[in-house]
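Descriptive structure summary
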There are 2 protein chains.
Amino acid sequence: MAKIVESVPNISEGRNKDIIEACIDEIRTTPGCTLLDYSSDEDHNRTVITYMGSPEAVEDASVKLAKKTVELIDLTKHEGAHPRMGCVDVMPFIPLKDMTMDECVELSNRVGERIAKEADLPVFLYEKSATAPHRQNLAAIRKGQFEGMAEKVKDPDWIPDFGGQRIHPTGGAVCVGARPPLIAYNINLGTSDLSIAEKIGKIIRESSGGLHAVKAMGVMLEDRNIAQVSINMTDYAVTPLYRVMELVKAEAKMYGVSVVGSELIGLAPMQAFLDTAEYYLQIEDFKPEIQVIENHLL
Amino acid sequence: MAKIVESVPNISEGRNKDIIEACIDEIRTTPGCTLLDYSSDEDHNRTVITYMGSPEAVEDASVKLAKKTVELIDLTKHEGAHPRMGCVDVMPFIPLKDMTMDECVELSNRVGERIAKEADLPVFLYEKSATAPHRQNLAAIRKGQFEGMAEKVKDPDWIPDFGGQRIHPTGGAVCVGARPPLIAYNINLGTSDLSIAEKIGKIIRESSGGLHAVKAMGVMLEDRNIAQVSINMTDYAVTPLYRVMELVKAEAKMYGVSVVGSELIGLAPMQAFLDTAEYYLQIEDFKPEIQVIENHLL
């Protein structure tokens, strides 16, 4: 079977179309690699690129992308709402098919070593690839941002994994690592009371004692005048979609509020939907790898 | 994009392993065709074979299979619990990917014409390929079975579509046609009272005024001592899985009975599970062809 890996790097340019297109061309022109999606945010001044392919193709495309961002993006002149530490800021690798997380960690190590060498950009390994527990979390590594990073790497706790105890003068440093697919799933409530969405967000998120691998907050959908629980699920195998949905429904009942709909942002793996169907249809002994026709085509 | 079609022929041999294997070898040895599954029933004396591939490959494999069954299976000596009219009894074609139902009807016509010519077996077009409304239903065409078929084809209403007004002396005749995927989905009730499953089966099935494209009956799972609503869904796009599940749950409440589980028999298309997830997760504006990562691999 063919191994397939996905990468979703964020680059620190969301305004200059020429630069964005030149970076994305590095993905488009790599044989064996498929560009799935990209979207730029002008406020954040940041572009998210999604592509997939064989491990070899994704490795090459990712290194080429890093080199191009070092060439074209100057962090000393960068302004934007989103925290960032590098011209390519974060580069996660996600196993999609016939690939273990360990193989994905190995891939991230190869890419990290090559980026340090070929793009002259120091690399932190994060998430499943992290070399110490305190270096798993992206926000912890990125704290201090580009402006504070030259000082931060002098701390023995924050020496880059590849590229030496330094940053690139205009490109900063990048986080590279393996992680499970992330699902962005927002649940809309039948109320205009933002505080209800905020309370539910607090109940379900891991950081305040809720569900493992769930981040959540309340936001207002101004144009529809309804409150939304905005959710990031960082490991749907640990906490599946249906559990989040059922818990939000149950907590909303406290206020006599219903779930009126939901939004799935971007891409999600088929298995997340199959897990959902298996739960609600109560299928015993479900074998999706055999029983779902399309799995024979993959 | 590559067109993919599935076929699920039933052949009238479920006991003699040599004959069964010789028939299935016709599928195995056809380039571009993938054998997905086969299962034989000795009581029914019948084998169901599932394969898929390009329309050209599936056409060739299907014609070769028909020729082999005419060669090896003699209906004048056939006994079994299941009604049958031919050595290959029924041969449905199901569009799986990048293929319309109309293209599948055309394929069934090509296969039918070739089977009549190359295997000397008269062919009835059924389901979406039927040439008259009274010839859509398999059971209606097959009524009278092999033993009555030579007489039946003298009726102008029942002249075969290909192969003339006759049957093959040992092979009978075959039904060929295009249809949507069929899903066999059985719902287990938390009761040992078979009559409850029978009543629910009657409520949900189309033939007694229930849901369109649903066949259902009550059966007893003797080893577990629970009653089951055994369901065949002939068009999940018309009546989706979740609607059947929710209606069975609602009707079971009348008796204070819960759904304790379900069985999915054989294969089902991914779209049926995505429809289920979309419903229960209440996803607004879901675009599975873009948002499900694996759909980019297919």
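The structure contained in this document is the topic of the report that follows.

What counts and what doesn't
Residues numbered from 1 in each chain as written. Chains lettered and ligands numbered in written order. Predicted model: local features only at pLDDT ≥ 70, side-chain atom pairs only at ≥ 80, totals over all residues. Heavy atoms only, no water. Least-squares fit on C-alpha atoms with pLDDT ≥ 70 in both. Contact = heavy atoms within 4.5 Å. Buried < 20%, exposed > 50% of the residue type's maximum accessible area, 1.4 Å probe, protein only. Helix = DSSP H or I, 4+ residues; strand = E, 2+ residues; numbered from the N terminus. Arc of directions from axis to C-beta. Core = buried A, V, L, I, M, F, W, Y, C linked by side-chain atoms within 4.5 Å. Pairing = 2+ DSSP bridges. Axes fitted to C-alpha atoms, helices over the stretch in contact; angles between N-to-C directions. Phe/Tyr/Trp six-rings, centres within 6.5 Å; stacked < 30°, edge-to-face > 60°. Buried area = accessible area lost by both parts, 1.4 Å probe. Salt bridge = Lys/Arg side-chain N within 4 Å of Asp/Glu carboxyl O. Polar contact = N/O pair within 3.5 Å; in protein donor to acceptor, adjacent residues only side chain to side chain. Nonpolar A, V, L, I, M, F, W, Y, C, P; charged D, E, K, R; others polar.

Structural notes on the relation of the copies chain A and chain B
The operation relating chain A to chain B is a screw motion whose rotation component is 180°, with 0.0 Å of axial translation and a residual RMSD of 0.1 Å. Each copy turns onto its partner about a two-fold axis. Scanning chain A for the C-alpha nearest the rotation axis identifies A:Ala277, at a separation of 2.7 Å. A share of 100% of interface residues in chain A that are also interface residues in chain B marks the association as one of identical surfaces.

Quick word on helix 6 (residues 194–204) of chain A
Residues and elements named next belong to chain A. Listing the buried residues of helix 6 in full gives Ile196, Ala197, Ile200, Gly201 and Ile204. One side of helix 6 carries all its buried residues, which in axial view fall inside an arc of 135°. Where helix 6 is buried, its residues meet strand 8 (183–189), strand 9 (214–221), strand 10 (226–233) and helix 7 (241–253).

A word on the nonpolar core
In terms of nonpolar packing, the biggest core is built from 72 residues, with A:Leu189 and B:Leu189 touching the most fellow members. Residue contacts for A:Leu189: discarding those within four places in its chain leaves A:Ile196, A:Ala197, A:Ile200, A:Ile226, A:Ala227, A:Val229, A:Val248, A:Ala252, A:Val257, A:Ser258, A:Val259 and A:Val260.

A short note on the sheet that holds strand 9 of chain A
All names here are of chain A. Read from one edge of the open sheet, four strands run 9-10-8-11, paired in antiparallel fashion. Where the open sheet ends on each side, the last strands, each with one partner, are strand 9 and strand 11 (259–265). The sheet shows a mean angle of 20° between the axes of neighbouring strands, direction not considered. Examined bridge by bridge, strand 8 and strand 10 share six bridges and lie antiparallel to one another.

Topic: the environment of A:Glu289
Residue and element names in this part refer to chain A. Position of Glu289 relative to the elements: it lies in helix 9 (residues 288–291). Residues Glu289 and Thr276, 13 residues apart in the sequence, show an inter-C-alpha distance of 15 Å. What Glu289 contacts, discounting residues up to four positions off in sequence, is Asn295 and His296.

Side note on the packing of aromatic side chains
Residues and elements named next belong to chain B. Taken as a whole and judged by the stated rule, the model has nine aromatic pairs over all chains. Aromatic pair Tyr242 and Tyr279: ring centres 3.9 Å apart, planes at 5°, arrangement stacked. Highlighted residues: Tyr242 in helix 7 (residues 241–253) and Tyr279 in helix 8 (residues 270–281), separated in sequence by 37 residues. The exposure class of Tyr242 is buried, given its relative accessible area of 16%. Take Tyr279: its relative accessible area is 39%, and that puts it in the partly exposed class.

Quick notes on the interface of chain A and chain B
At the interface, 42 residues of chain A touch 42 residues of chain B. Buried area between chain A and chain B, both sides added, is near 3800 Å², and the carbon and sulfur share of it is 67%. Considering only the side of chain A, the residues that lose the most area to chain B are A:Leu281, A:Glu284 and A:Ile293, jointly responsible for 18% of the buried surface there. Applying the counting criterion to the chain A and chain B interface returns two salt bridges. For A:Arg224, the salt bridge identified is with B:Glu284, shortest N-O distance 2.9 Å. The tally of links between chain A and chain B comes to 26 residue pairs in polar contact (both at pLDDT 80 or more). Put simply, the parts of the chain that give the side of chain A that touches chain B at least two residues each are strand 1 (4–7), strand 5 (88–97), strand 8, helix 7, strand 11, helix 8 (270–281) and helix 9 of chain A. Among the elements that make up the side of chain A that touches chain B, the one with the highest residue count is helix 8 of chain A (seven residues). Looking at the side of chain A that touches chain B residue by residue, the classes come out as 28 nonpolar, eight polar and six charged.

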